[in-house]
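Spelled out, the chains give:
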Amino acid sequence: MKTAIISDIHSNLASLNSVYADIKKQGAERIFCLGDIVGYGPNPCECIDILMKTEVCLLGNHDQGALFDPEGFNSGAERAIFWTRDQLEKPTGNPDAIDRRWEFLGERPRNYQENDLLFVHGSPRNPLNEYVFPEDTYNRRKMEKIFALIKRCSFQGHTHVPGIFTEDFRFFSPDEIDDRYTIGDEKLMVNVGSVGQPRDGDPRSCYVILEDDVINFRRVEYDIDETIERIYAVPELDNFLADRLRDGR
Ligand SMILES: [Fe+2]
């Protein structure tokens, strides 16, 4: 069975639609979302409505920020969260839809386990907030502690930097492994990248197709200008949040 694993959509509807079209083309039967549906981008309600139908959808730190008081965000991200909350509360929409979206966000779990596979937003140690960056391979203590919590393989997002962490402190970007990696006997941590705000220098959306033990990284082009224009049109969203999409930073 093919499972599409997506993360960090950040209210970027154009990217989500393109990724969904690619998932369909790939023949994936189910979609797991690792959180951060909202934050930064211009279309929170539309993205939530689409992701409500996924098989598994976890809570991300930006989703939590919209639900409760945002803590630990920079000022641009915080302003985006307050604007997102306004959109979710807007009385112009169907009141049922407003309640449904809030309920959906409020019910999101922080992790999901399927056999020996773990799914989180941040890390197995701190599912909501901990970042695991490629340079953390130099932080052996951190990596050992996190790997101790993994049975076989963990899938995560949060950094917006896709790739594979191995238990022997190595990191492989998708380019270095020709976008494919097979889960073997060693434990792995897999960052599936970001649909709506990639930060590895490649502006295309990123996600993963998992089929049996084979991990396949997918890159998908989308109409970046459409999202940029929508962000420019909202005074509460910093122009920087639009400009960075073009460079994938
Ligand atoms: Fe994120």
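One can find the structure itself at the top, above this paragraph.
Residues numbered from 1 in each chain as written. Predicted model: local features only at pLDDT ≥ 70, side-chain atom pairs only at ≥ 80, totals over all residues.

## Some words on the overall build of the chain
Next, step 1: A tally of regular secondary structure across the chain gives eight helices and twelve strands.
Next, step 2: Relative to a compact globule of 249 residues, whose C-alpha radius of gyration would be 18 Å, the chain shows 17 Å and is just as compact.
Next, step 3: Each of the three principal axes of the chain carries a C-alpha extent, and together these read 55 × 35 × 30 Å.
Next, step 4: Of the contacts made within the chain by residues no fewer than 6 positions apart, 72% connect residues no fewer than 24 positions apart. (Helix = DSSP H or I, 4+ residues; strand = E, 2+ residues; numbered from the N terminus. Rg over C-alpha atoms; globule rule 2.2 N^0.38 Å. Contact = placed C-beta atoms within 7 Å.)

## As for the nonpolar core
Next, step 1: Judged by nonpolar contacts, the single largest core of 59 residues is most densely connected at Ile-5, Ile-6, Cys-33, Leu-34, Val-190, Tyr-207 and Val-208.
Next, step 2: Sequence-distant contacts of Ile-6, that is, excluding residues within four places in its chain, are made with Val-19, Ile-31, Cys-33, Val-192, Val-195 and Tyr-207. (Core = buried A, V, L, I, M, F, W, Y, C linked by C-beta atoms within 7 Å. Buried ≥ 20, exposed ≤ 12 C-beta atoms within 10 Å, placed from the backbone.)

## Observations regarding the sheet that holds strand S6 (residues 153-156)
Next, step 1: Strand order in this open sheet of six strands is S4-S5-S6-S10-S7-S8, and the pairing throughout is mixed. Looking at strand neighbours, the two that pair on one side only are strand S4 (111-114) and strand S8 (170-172), the edges of this open sheet. Sheet twist, expressed as the mean angle between neighbouring strand axes with direction ignored, is 20°. (Pairing = 2+ DSSP bridges. Axes fitted to C-alpha atoms, helices over the stretch in contact; angles between N-to-C directions.)

## Remarks on the packing of helix H7 (residues 224-232) against helix H8 (residues 239-247)
Next, step 1: Following both chains from N to C, one finds H7 and H8 inclined at 170°, their axes separated by 8 Å at the closest point. When the interaxial angle is binned, H7 and H8 end up roughly antiparallel. In contact with Ile-224, Thr-227, Ile-228, Ile-231 and Tyr-232 of H7, H8 contributes Asn-239, Leu-241, Ala-242, Leu-245 and Arg-246.
Next, step 2: Across the contact of H7 with H8, the residue classes tally to seven nonpolar, two polar and one charged. (Parallel < 35°, antiparallel > 145°, perpendicular 65-115°, else oblique. Nonpolar A, V, L, I, M, F, W, Y, C, P; charged D, E, K, R; others polar.)

## Brief notes about the sheet that holds strand S11 (residues 205-211)
Next, step 1: Read from one edge to the other, the open sheet built from six strands follows the order S3-S2-S1-S11-S12-S9, with strand pairing classed as mixed. Every interior strand has two partners, whereas the edge strands, strand S3 (56-57) and strand S9 (180-182), have only one.
Next, step 2: Docked against the sheet, helix H1 (residues 13-26) engages strand S1 (2-6), strand S2 (30-33), S11 and strand S12 (214-220), running at close to 25° with respect to S11.

## Considering the pairing of S1
Next, step 1: Within S1, four of the five residues are buried, leaving the element largely enclosed by the surrounding structure.
Next, step 2: Pairing of S1 with S11, which is carried by four bridges, proceeds in the antiparallel orientation. Residue pairing in the sheet places Ile-5 in a bridge with Val-208 of S11.
Next, step 3: Examined bridge by bridge, S1 and S2 share four bridges and lie parallel to one another. Residue pairing across strands places Ala-4 opposite Ile-31, the latter belonging to S2.

## As for the pairing of strand S7 (residues 163-166)
Next, step 1: Note that S7 and strand S10 (residues 188-191) share four bridges and pair antiparallel. Following the sheet pairing, Thr-166 is matched in S10 by Leu-188.
Next, step 2: In this sheet, S8 lies alongside S7 in antiparallel orientation, the contact comprising three bridges. Following the sheet pairing, Phe-165 is matched in S8 by Phe-171.
Next, step 3: Once S7 ends, the chain turns through three residues before running back antiparallel as S8, passing Phe-169 with a positive phi of about 65°.

## What about H8?
Next, step 1: For H8, the full list of buried residues reads Leu-241, Ala-242 and Leu-245. On an axial view of H8, the arc spanned by its buried residues comes to 100°, and they lie on one face. Every exposed residue of H8 that faces more than 90 degrees away from the buried side is listed here: Phe-240, Arg-246 and Asp-247.
Next, step 2: Check the buried side of H8 and you find it contacts helix H4 (75-89) and H7.
Next, step 3: Two residues or fewer past H8, Gly-248 is found with a positive phi of approximately 65°. (Arc of directions from axis to C-beta.)

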